[in-house]
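# Structural overview
Each chain, letter by letter, is given below.
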Amino acid sequence: MNAQNACEGFALDRRQASSHTDPLCILCGSWLAGDGPQSGPLGIDLQEQHVKALDQLTFDNRFARLGDAFSTQVLPEPIADPRLVVASESAMALLDLDPAQAELPVFAELFSGHKLWEQADPRAMVYSGHQFGSYNPRLGDGRGLLLAEVLNDQGQHWDLHLKGAGQTPYSRMGDGRAVLRSSIREFLGSEALHALGIATSRALCVIGSSTAVWREARESAAMLTRLAQSHVRFGHFEYFYYTKQPEQQRLLIDHVLEHHYPECRGAEQPYLAMFRTIVERNAELIARWQAYGFCHGVMNTDNMSILGITFDFGPYAFLDDFDANFICNHSDDRGRYSYANQVPIAHWNLSALAQALTTVIEVEPLKEALGLFLPLYQAHYLDLMRRRLGLTTAEDDDMALVERLLQCMQRGGVDYSLFFRKLGEQPAAEALKVVRDDFIDLAAFDAWGADYLARCEREAGNAEGRRERMHAVNPLYVLRNYLAQKAIEAAEAGDYSEVRRLHQVLSKPFEEQPGMQAYAERPPEWGKHLEISCSS
Ligand code: AMP
Ligand code: MG
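Residues numbered from 1 in each chain as written. Chains lettered and ligands numbered in written order. Predicted model: local features only at pLDDT ≥ 70, side-chain atom pairs only at ≥ 80, totals over all residues. Heavy atoms only, no water.

### Some thoughts on the overall build of the protein
Applied cut-off: Helix numbers and strand numbers start at the N terminus; a helix is a DSSP run of H or I with at least 4 residues, a strand a run of E with at least 2. Here the globule rule reads 2.2 Å times residues to the power 0.38, and the radius of gyration is calculated from C-alpha atoms. Burial classification: accessible surface area is computed with a 1.4 Å probe over protein chains only, and a residue below 20% of its type maximum counts as buried, one above 50% as exposed, and the rest as partly exposed. The criterion used for residue contact is that any of the two residues' heavy atoms lie within 4.5 Å. Only four residue types enter the charge count, namely Lys and Arg as positive and Asp and Glu as negative; His and the chain termini do not. Taken as the charge location is NZ of Lys, CZ of Arg, CG of Asp or CD of Glu.
A count of helical and extended segments in the protein gives 17 helices and 15 strands. Here the C-alpha atoms of the protein give a radius of gyration of 24 Å, agreeing with the 24 Å that 2.2 N^0.38 yields for 536 residues. With the C-alpha coordinates of the protein rotated into their principal frame, the extents come out at 75 × 55 × 45 Å. Sorting the 536 residues of the protein into buried and exposed places 58% on the buried side. Taking the intrachain contacts of the protein between residues at least 6 apart in sequence as the baseline, contacts between residues at least 24 apart amount to 72%. Computed over 50 positive and 72 negative side-chain charges, the separation of the two mean positions in the protein equals 3 Å.

Rendered as structure tokens:
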């Protein structure tokens, strides 16, 4: 590839262009000679798949084309001395990007605001939302920009969203920045959820910098590049509803219907069919969160994706010890977003969305669709929990069996993830003897164990393939807060190896990985009481 042409794609270059004498074009990242690497850092055959260079992406900025009523054009404000902290090879694959591109200086420059593709159209989106139950009329992207939409080879569109890109008209009192700590947390959280099979926005990379920002103390700024098929939130619809802009709202609804719910277009009432699908997707999503002990932390309606995916990570956590009342967000004084409250809060958020959609859908059918949430949630949750318990059939009392187990766990402070993993390690009778040691109320646990064993024995073939079946749904490695914390502390000291290792381990959570036993242990006592708050 000709170096001149290869570099033309980047319109914004805020730094001195480097020399082009290297065999590798550092502006576009493509190999100038034909003798580039044949395989990527993880041995993926580059000749076979995901071989695009950064300047070979195709863009189709559908949301930006909606116009200025929906977003404001803003250029990213670069952070100093950009350096790659971590990149996700599987997220890069969504853009058909060659994983080796992450190692190039231009990668860090693009995802830290120094360079920009000519075809990008960076925009801060406007939205509002209910924060901790109170309506905030104007939020919007205060520190993130939708850079562009990439159209991949499978015909999918992926938003490139740069978080921490500087101030926008929606920054209010904020500095427009994200700190390294929270960027790493979002990166690890989204990639770990994805590996668990839980729908989520994805994280392409984190770029660190020497730019200082102030939170409770001096920290360094970073940028996270998030991928999602849409960044439209419940709060987008609330914004147009409460500002009484029905025409713009209709445009947005049609946009989401056309691009994200095309299967609903043929329905008798397409908008209602779309809302019903949103309810269904949320019911399944929240069931997965609950079944895997994921606590979002800030389920404000501006943090709820219209796609029904996990979105806008704040002070999230995976449960260590089972605790239904666990509050992961230190700023959440009243536990509005506690683990157990996530179910009613999701329903509440859906009703806030429904309210905003009353401009195009009648109230009664909206209520009916909302009524689907709880039974659907319960069905998904029970299905997941049966699987986690190694059960392959359904019985009427299964929910009671699950609830009794959780009560025993709650009383004993039993590690939520390891319990299921250990239960699947051996045949039921033997496994029960092993996990028993972790419980305090042994009489209650023994009664539960006897019922569980009988339940397994009533199921023909339950013992067959039990270990494989259970290990395939019960992760050995979970993103515990203390693991993230250790990786963050190392990264803050300039060592990114731990973040990268943790990301690798969590990308295969169900598979035992040699030498990684330390990542599968219960947390140390200090690790259970980390205070994570909104200040990120
Ligand atoms: P979040 O808690 O990240 O969901 O953010 C809630 C709202 O505050 C959104 O409108 C964000 O864009 C905005 N926000 C959060 N942090 C900052 C910041 N450092 N600078 C400007 N706006 C911010
Ligand atoms: Mg948010």
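Let's pick the thread back up.
### Details of the layout of surface pockets
Defined as follows: A cavity here means a set of points on a 1 Å grid, drawn over the protein atoms and nothing else, where a 1.4 Å probe fits but cannot get out; a pocket is an open set with protein on both sides within 12 Å along at least five of seven lines, and a residue lines either one if it has an atom within 4 Å of a point. Grid points are joined across faces, edges and corners, and a volume is the space filled by probe spheres set on the points. By the convention adopted, Pro, Cys, Tyr, Trp, Phe, Met, Ile, Leu, Val and Ala count as nonpolar, Lys, Arg, Asp and Glu as charged, and the other residues, Gly among them, as polar. For the purposes of this description, domain bounds are those given by an automatic or database domain assignment.
Considering only enclosed or pocket space, the largest pocket measures out at about 730 Å³ in volume. Residue lining of the largest pocket: 33 residues in total, with Arg143, Arg172, Asp302, Asp312 and Ser536 positioned closest to the centre. Considered class by class, the residues forming the lining of the largest pocket number nine nonpolar, 13 polar and eleven charged. Both domains that furnish three or more residues to the lining of the largest pocket are identified here as domain 1 (3-228) and domain 2 (234-382).

### Things to note about the pairing of strand β12 (residues 202-214)
Put simply, the rule is: By this definition, two strands are paired if DSSP reports at least two bridges between them.
Burial analysis of β12 places ten of its 13 residues in the buried class, the great majority of the element. As paired strands, strand β4 (residues 83-87) and β12 are joined by four bridges and run antiparallel to one another. Its bridge partner being in β12, Val86 is matched across the sheet by Val206. For β12 and strand β13 (residues 218-228), the ladder comprises nine bridges, and the chain directions are antiparallel. Bridging across to β13, Trp214 finds its partner in Arg218. A loop of three residues connects β12 with β13, the two strands running antiparallel in sequence.

### Brief notes about the packing of aromatic side chains
The test is simple: Aromatic rings from Phe, Tyr and Trp, with only the six-membered ring used for Trp, were paired whenever their centres fell within 6.5 Å, and each pair was classed as stacked if the ring planes differed by under 30 degrees, edge-to-face if by over 60, and tilted otherwise. The criterion for a charge sitting over a ring is simple: Lys NZ or Arg CZ within 6 Å of the ring centre, and within 35 degrees of the ring normal.
As enumerated under the stated definition, the model contains 26 aromatic pairs in all. Both rings, one in Phe313 and one in Tyr316, keep their centres 5.6 Å apart while their planes meet at 85 degrees; by these two values the pair is edge-to-face. Judged by its relative accessible area of 1%, Tyr316 is buried. When the centroid spacing of 5.8 Å and the interplanar angle of 85 degrees are considered together, the rings of Tyr482 and Trp526 count as edge-to-face. You can see Tyr482 sitting in helix α16 (residues 481-492) and its partner Trp526 sitting in the segment after α17 (497-506), a full 44 residues away along the chain. Above the plane of the ring of Tyr316 lies Arg185, whose end atom (NZ or CZ) is 4.3 Å from the centre. Stacked on the ring of Trp348, the Lys or Arg Arg336 has its end atom at 4.8 Å from the ring centre.

### Quick word on helix α14 (residues 442-457)
Side chains three or four residues apart in an α-helix point the same way, a direct result of the helix having 3.6 residues per turn. The condition is simple: Each residue after the first adds 1.5 Å to the expected span of a helix. When we speak of the arc, we mean the arc of directions from the helix axis to the C-beta atoms.
Look at α14: 22 Å from first C-alpha to last across 16 residues, which is about the 22 Å you get at 1.5 Å a residue. For α14, the full list of buried residues reads Phe445, Trp448, Gly449, Tyr452, Arg455 and Cys456. All buried residues of α14 fall inside an arc of 125 degrees around its axis, so they share one side. Those residues of α14 that are exposed and aimed more than 90 degrees away from the buried face are Ala443 and Glu457. Against the buried residues of α14 lie α11 (398-412), α12 (416-425), α13 (428-436) and α15 (466-471).

### Thoughts on the site of ligand 1
Condition: The cutoff for a nearby residue is simple: one of its non-hydrogen atoms must lie within 4 Å of the molecule or strand. Here a polar contact is taken to be a pair of N or O atoms separated by no more than 3.5 Å, where protein atoms must pair a possible hydrogen donor with a possible acceptor and residues adjacent in sequence count only if both atoms sit in side chains. All accessible-area figures derive from a Shrake-Rupley calculation using a 1.4 Å probe, and residue coverage is judged against the displayed protein chains alone. More than half of a molecule's atoms lying within 2 Å of a cavity's or pocket's grid points is what places that molecule inside it.
What surrounds ligand 1 is a group of 15 residues, the closest being Gly140, Gly142, Arg172, Asp175 and Gly176. One of the backbone nitrogen or oxygen atoms of Gly140 is found 2.6 Å away from an oxygen atom of ligand 1. Between ligand 1 and the protein, one listed contact pairs a nitrogen atom with a backbone N or O atom of Arg177 at 3.2 Å. Relative to its free-state accessible area of 480 Å², ligand 1 is covered by the protein chains to the extent of 80%. Placement of ligand 1 is best described as lying within the largest pocket. Taken together, the residues of the shell around ligand 1 break down into two nonpolar, six polar and seven charged.

### Considering the pattern of salt bridges
Pairing between side chains becomes possible if they bear opposite charge and their charged atoms approach one another. This is how the line gets drawn: A pairing counts as a salt bridge when a side-chain nitrogen of Lys or Arg comes within 4 Å of a carboxyl oxygen of Asp or Glu.
Counted under the stated rule, the structure contains 37 salt bridges. Here Glu284 ties to Arg288 by a salt bridge, and the two come within 3.2 Å at their closest N and O atoms. Residue Glu284 and its partner Arg288 are both found in helix α7 (residues 270-292); the two are separated by four residues, about one turn of the helix. With a closest N to O distance of 2.4 Å, Glu498 and Arg501 form a salt bridge. Linking Glu498 with Arg501, this pair stays in helix α17, spanning three residues, or about one helical turn. Among the residues examined, Glu498 registers a relative accessible area of 15% and is labelled buried.

### Here we look at the coordination of the magnesium ion (ligand 2)
Around a metal, the idealised angle for a tetrahedral arrangement of four donor atoms is 109.5 degrees; for an octahedral arrangement of six donor atoms it is 90 or 180 degrees. Keep this limit in mind: Donor criterion used throughout: N, O or S atom within 2.8 Å of the metal, extended to 3.2 Å for Na, K and Ca. Water excluded; incomplete-looking sites may result.
Asn303 (OD1) and Asp312 (OD) make up the full set of protein donors to the magnesium ion (ligand 2), lying at 1.9 to 2.1 Å. Residues Asn303 and Asp312 agree in their burial class; the two are buried.

### A short note on α16
In this model, α16 (twelve residues) spans 16 Å end to end at C-alpha, consistent with the 16 Å of a helix rising 1.5 Å per residue. Of all the twelve residues making up α16, nine are buried; the element is thus mostly covered by neighbouring parts of the structure. When α16 is considered as a whole, its buried residues turn out to be Asn481, Tyr482, Leu483, Ala484, Gln485, Ala487, Ile488, Ala490 and Ala491. On its buried face, α16 is in contact with α4 (180-195), β15 (317-318) and α17.

### Considerations on the environment of Arg138
Turning to its location among the elements, Arg138 is positioned in the loop between β8 (134-136) and β9 (144-151). In the structure, Arg138 is positioned 101 residues away from Tyr239 in sequence and 7.3 Å away in space, judged by C-alpha atoms. Look past the residues within four positions of Arg138 in its chain and what remains in contact with it is Val126, Tyr127, Ser128, Pro169, Tyr170, Arg172 and Tyr239.

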